[in-house]
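Observations on the three-dimensional arrangement
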Amino acid sequence: MNKLIADFTVLYTKLHTYHYNVVGPEFYSLHVMLEKEYDTFHEWIDEAAESMKVDGEYPVATVKEMLEITSIKEAESRDYSSKEILEDLVSDYENLIAYMYEIKETLPMIQDNMLEEFITYLQKQIWFFKATLK
């Protein structure tokens, strides 16, 4: 679960970067959507960390530790088009889903149910993002 918390946290920061730096005709709609996305990841970080604490584990807590185990690439500060953002998020979300399926069998039922909720949400977002890219 620590890698997942690290991935969520780095993605949370990346979503903020995109939120601040989106440009182009879809600026407003993407700006609003990205805020909803980072709010969702903020909740998920807390849920995942609390589920680890229930099991007597310590969630990853430092940025250094997170950057060592995450598979999410950070986004630098610059302008981003909606196409760049959505394509990158599709890739990140697909990778998160694949990782969650990898770890599902090793987790207690409560964490497995939590991951199913995360996966369902991400799949729907991927559909929205891909439809927007057409």
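Residues numbered from 1 in each chain as written. Predicted model: local features only at pLDDT ≥ 70, side-chain atom pairs only at ≥ 80, totals over all residues. Heavy atoms only, no water.

Before going further, it helps to spend a moment on the packing of helix H1 (residues 2-21) against helix H2 (residues 27-54). Viewed as axis vectors pointing N to C, H1 and H2 meet at an angle of 160 degrees, and their least axial separation amounts to 9 Å. When the interaxial angle is binned, H1 and H2 end up roughly antiparallel. As for the relative orientation of H1 and H2, their crossing is left-handed in sense. Here H1 contributes Asn2, Ile5, Phe8, Thr9, Leu11, Tyr12, Leu15, His16, Tyr18 and His19 to the contact with H2, which in turn contributes His31, Leu34, Glu35, Glu37, Tyr38, Phe41, His42, Trp44, Ile45, Ala48, Ala49 and Met52. Across the contact of H1 with H2, the residue classes break down as 14 nonpolar, six polar and two charged. (Axes fitted to C-alpha atoms, helices over the stretch in contact; angles between N-to-C directions. Helix = DSSP H or I, 4+ residues; strand = E, 2+ residues; numbered from the N terminus. Parallel < 35°, antiparallel > 145°, perpendicular 65-115°, else oblique. Left-handed = near helix turned anticlockwise from the far one by under 90°. Contact = heavy atoms within 4.5 Å. Nonpolar A, V, L, I, M, F, W, Y, C, P; charged D, E, K, R; others polar.)

There is a patch of nonpolar side chains on the surface, built from Phe27, Tyr28 and Val32 and spanning about 310 Å² of accessible area. With respect to the secondary-structure elements, phenylalanine 27 resides in helix H2. Looking at phenylalanine 27, the relative accessible area reads 35%, which means it is partly exposed. (Patch = residues over 30% accessible without salt bridge, like charges linked within 9 Å, V, L, I, M, F, W, Y side chains within 5 Å. Areas by Shrake-Rupley, 256 points an atom, 1.4 Å probe, with all protein chains shown as cover. Salt bridge = Lys/Arg side-chain N within 4 Å of Asp/Glu carboxyl O. Buried < 20%, exposed > 50% of the residue type's maximum accessible area, 1.4 Å probe, protein only.)

To continue, consider the pattern of salt bridges. Pairing is possible between side chains of opposite charge, provided their charged atoms come close. In this structure the tally under the stated criterion is nine salt bridges. Glutamate 87 serves as the salt-bridge partner of lysine 83, at 2.7 Å between the closest nitrogen and oxygen. With a gap of four residues between them, lysine 83 and glutamate 87 both fall in helix H4 (residues 82-104), about one helical turn apart. Judged by relative accessible area, which is 48%, lysine 83 ranks as partly exposed.

Along the polypeptide, aspartate 92 turns up in helix H4. Not counting chain neighbours up to four residues away, the residues in contact with aspartate 92 comprise Leu11, Lys14 and Ile72.

Our focus in this paragraph is a negative patch on the surface. Negative charge collects at one region of the surface, where Glu35, Asp39, Glu43, Asp46, Glu47, Glu50 and Glu117 lie side by side. For the negative patch, the element with the highest residue contribution is H2, accounting for six residues. Along the chain, the position of glutamate 50 falls in helix H2. Judged by its relative accessible area of 45%, glutamate 50 is partly exposed. (Lys, Arg positive; Asp, Glu negative; His and termini not counted. Charge placed at Lys NZ, Arg CZ, Asp CG, Glu CD.)

Now for the packing of aromatic side chains. On inspection of all chains with the given rule, the structure shows eleven aromatic pairs. Clustering of aromatic rings is evident, with ring pairs tying together Phe8, Phe41, Trp44, Tyr93, Phe118, Tyr121 and Phe129. Note that lysine 3 overlies the ring of tyrosine 99, its terminal NZ or CZ placed 4.4 Å from the centroid. (Phe/Tyr/Trp six-rings, centres within 6.5 Å; stacked < 30°, edge-to-face > 60°. Lys NZ or Arg CZ within 6 Å of the ring centre and 35° of its normal.)

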